[in-house]
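Understanding the architecture of this molecule
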Amino acid sequence: MSIASSPDFFLTRLDDELVFQQGRLAQPNPDVPKKRILVVGGGVTGFTTAWALLDAGYDVTIVAERWADPKNRITSQIAGALWEFPPAVCGKHTDVISLHNSKRWCMTAYRAFNKLQEIMPRDDYLDHGVQMRMANFFFDQKMEDMPDCGQLDKFEEIMAQKDIKGVRRDANIVHEHEVNQKAGVVDAYQHLAPVIDTDAYVHWLRFVLVCKGAVMETRPINGDLLDQEEELLAEYGADAIVNATGLAGLELAGDESVYPLRGALIRVVNDGTKFPRVTEALAVTHDDTRGEDEDIVFIVPRNDNILILGGLAQPHKYELDLTLDSPEIVRMRQRCNNFVPGLEHAEYDPDAPLVQGLRPFRGSNVRVERELRPRSDGSSSRIVHSYGQGGAGFSLSFGCASDVLELIEEMEKGLPAMTMSCRRRIGEV
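Residues numbered from 1 in each chain as written. Predicted model: local features only at pLDDT ≥ 70, side-chain atom pairs only at ≥ 80, totals over all residues. Heavy atoms only, no water.

Here's the deal with the environment of L18
By the element assignment, L18 lies in strand 2 (residues 17-22). A relative accessible area of 1% means that L18 is categorised as buried. Each C-alpha atom of the pair L18 and V297 lies 32 Å from the other, and the pair is 279 residues apart in sequence. Once residues lying within four places of it in the same chain are set aside, the contact partners of L18 are L11, T12, R13, A52, T108, F398, A401 and S402. (Helix = DSSP H or I, 4+ residues; strand = E, 2+ residues; numbered from the N terminus. Buried < 20%, exposed > 50% of the residue type's maximum accessible area, 1.4 Å probe, protein only. Contact = heavy atoms within 4.5 Å.)

A look at the nonpolar core
Generally speaking, soluble globular proteins have nonpolar side chains that are buried together. Ranked by size, the top nonpolar core spans 87 residues in total, and within it W51, Y201 and W204 carry the most contacts. Counting 27 residues, the second largest nonpolar core, distinct from the first, contains V284, M332, V340 and L343. (Core = buried A, V, L, I, M, F, W, Y, C linked by side-chain atoms within 4.5 Å.)

Examining helix 1 (residues 44-55)
End to end, helix 1 covers 17 Å across 12 residues, agreeing with the expected 16 Å (1.5 Å per residue, within 8%). With 12 of 12 residues buried, helix 1 lies mostly within the body of the structure. Of all the residues in helix 1, the buried ones are V44, T45, G46, F47, T48, T49, A50, W51, A52, L53, L54 and D55. Downstream of helix 1 by one or two residues, G57 has phi in the positive range, about 105 degrees. (Expected span 1.5 Å × (residues − 1).)

Topic: the pairing of strand 2
Sheet analysis places strand 1 (residues 9-14) next to strand 2, joined by 6 bridges and oriented antiparallel. Considered in strand 2, the bridge of R13 is made with L18. Counted between consecutive antiparallel strands, the loop separating strand 1 from strand 2 contains 2 residues, among which D15 sits at a positive phi close to 50 degrees. (Pairing = 2+ DSSP bridges.)

Some points on the packing of aromatic side chains
Applying the stated rule across the entire model yields 17 aromatic pairs. Between W51 and W204 the ring centres are 5.9 Å apart and the planes differ by 70 degrees, which places this aromatic pair in the edge-to-face class. Highlighted residues: W51 in helix 1 and W204 in helix 6 (residues 198-211), separated in sequence by 153 residues. Under the relative-accessibility criterion, W204 is labelled buried at 0%. Ring centres of F113 and Y201 lie 5.6 Å apart, and the angle between their planes is 65 degrees; this geometry places the pair in the edge-to-face category. Pair noted here: F113 is in helix 3 (residues 96-119) and Y201 is in helix 6, with a separation of 88 residues, a long-range link. (Phe/Tyr/Trp six-rings, centres within 6.5 Å; stacked < 30°, edge-to-face > 60°.)

Examining the pattern of salt bridges
Overall, the coordinates contain 28 salt bridges when judged by the stated rule. Salt-bridge contacts for R111 lead to E17; the nearest nitrogen and oxygen are separated by 2.8 Å. Placement of R111 in helix 3 and of E17 in strand 2 is noted, with a sequence separation of 94 residues between them. Between R168 and E176 there is a salt bridge; the shortest N-O distance is 2.6 Å. For E176, a relative accessible area of 49% corresponds to the partly exposed category. It is possible to trace a salt-bridge network through shared partners that takes in E17, R111, K162 and D163. (Salt bridge = Lys/Arg side-chain N within 4 Å of Asp/Glu carboxyl O.)

With respect to the side chain of N337
Of note, N337 is situated in helix 9 (residues 327-337). On the basis of relative accessible area, N337 is assigned to the buried category, the value being 11%. Filtering out sequence-adjacent residues up to four positions away, N337 remains in contact with L343 and E344.

Quick word on helix 4 (residues 150-160)
Those residues of helix 4 not exposed but buried are Q151, L152, K154, F155 and I158. Relative to the axis of helix 4, the buried residues are bounded by an arc of 160 degrees and lie together on one face. Those residues of helix 4 that are buried are in contact with strand 5 (130-139), strand 6 (168-169) and strand 7 (187-196). (Arc of directions from axis to C-beta.)

As for the sheet that holds strand 17 (residues 383-387)
Reading across from one edge, 8-4-3-9-17-16 is the order of the 6 strands in this open sheet, with mixed pairing throughout. Each edge of the open sheet carries a strand with a single partner, namely strand 8 (215-218) and strand 16 (367-370). Strand-to-strand twist in this sheet, taken as the mean axis angle between neighbours without regard to direction, amounts to 15 degrees. (Axes fitted to C-alpha atoms, helices over the stretch in contact; angles between N-to-C directions.)

Regarding the packing of helix 1 against helix 10 (residues 393-412)
Contact geometry for helix 1 and helix 10: axes closest at 8 Å, N-to-C directions at 45 degrees. Taken together, the axes of helix 1 and helix 10 are oblique relative to one another. In the crossing of helix 1 with helix 10, the sense of the turn from one axis to the other is right-handed. The residues of helix 10 that touch helix 1, namely those facing V44, T48, T49, W51, A52 and L53, are G393, F394, S397, F398, A401, V404, L405 and I408. Among the residues making up the contact of helix 1 with helix 10, the classes are represented as 10 nonpolar, 4 polar and no charged. (Parallel < 35°, antiparallel > 145°, perpendicular 65-115°, else oblique. Left-handed = near helix turned anticlockwise from the far one by under 90°. Nonpolar A, V, L, I, M, F, W, Y, C, P; charged D, E, K, R; others polar.)

Side note on the pairing of strand 10 (residues 258-269)
Most of strand 10 is tucked away: 10 of the 12 residues are buried. Pairing of strand 10 with strand 15 (residues 354-362), which is carried by 9 bridges, proceeds in the antiparallel orientation. The residue of strand 15 that forms the bridge with I266 is L354. Relative to strand 14 (residues 314-315), strand 10 runs antiparallel, the two being bridged by 2 bridges. Bridging across to strand 14, R262 finds its partner in Q314.

What is shown is where atoms sit, not what they do.
So, in structure tokens, the structure goes:
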């Protein structure tokens, strides 16, 4: 299987889920004009959505102010990109509707990433950067003894997901990984999870999109999209607009609940010379019952040569001014060093020893819904929003793209826009 000439794989919705399939799409009827969708945002959410739209038969134009660059990384490249069942390591959901949807979205992504790496070798024409690795989650007390039952509930939900492979809970996992006693962990579970080399994957995604016919334009778009919707639709000959701009949802969606959660990752060489090579993900989840801001441990192989160390979750911090000598980065490194014996000897990645970015959070967590505000003339908007994925952009990417596709199809049928909570209630009937 290769994409050296033309991709022989595609995304399609089956039983209300976006699935990754091998083969070639049927050619559309050339006598039927294709509708164009304008996607605003060039990160993993925008790219995955554009892919789903292209394979659904739409023409797609993607606009972004910046694109993925190994020397000047965008937020998607800085992400930890360890697939997680929600809530993720860096924080809890505050909205029950968002959490409900995120559990569905993440499983769509799990199946898609797993299928991708099964049928397409990484040494193909272009490495997609996706691997299935064992992910290990550690706790400083038995999950049953925690004041918050969230972690135990989460584990039981993971156990119930038949597609998540290798699920195992065993305190011996602590000893099997020779976790330093300084870490103070006594309970653990593990499962196979997609782990994504973000530089490779976003580059691969862009190549796939170009092969499938996407048009990409570098330009900033400022201001509320609703105020310029008709002009943008006319300028691009588009039938609808998808807003996948992450933190810019504050401005482009007029959403004052959007805020950054600053994060940073230390990158070290993982070749086995300075410390035993780490081949599995090791994580300690944030525990907000303790009142501590800095308790996350996040140790994940980025690829076969680089190990990333985290984590940091600083709300409402916009400045990207952290250095290896910043106190919170020094403490983050020490937490990781205390976890894996020998890690203190690791050498920094000479190309990028520290990367930092702003996770796009919002008050009600992830938003995937049509614009609810009417245009100035009272007519219905043709904007669909997909932003606020926070630190879970990769884990939710295919699931959110599936819902965007469904929303656009509803729009074409003339159905009214609904809030996410209303859509959930109707889906449960």
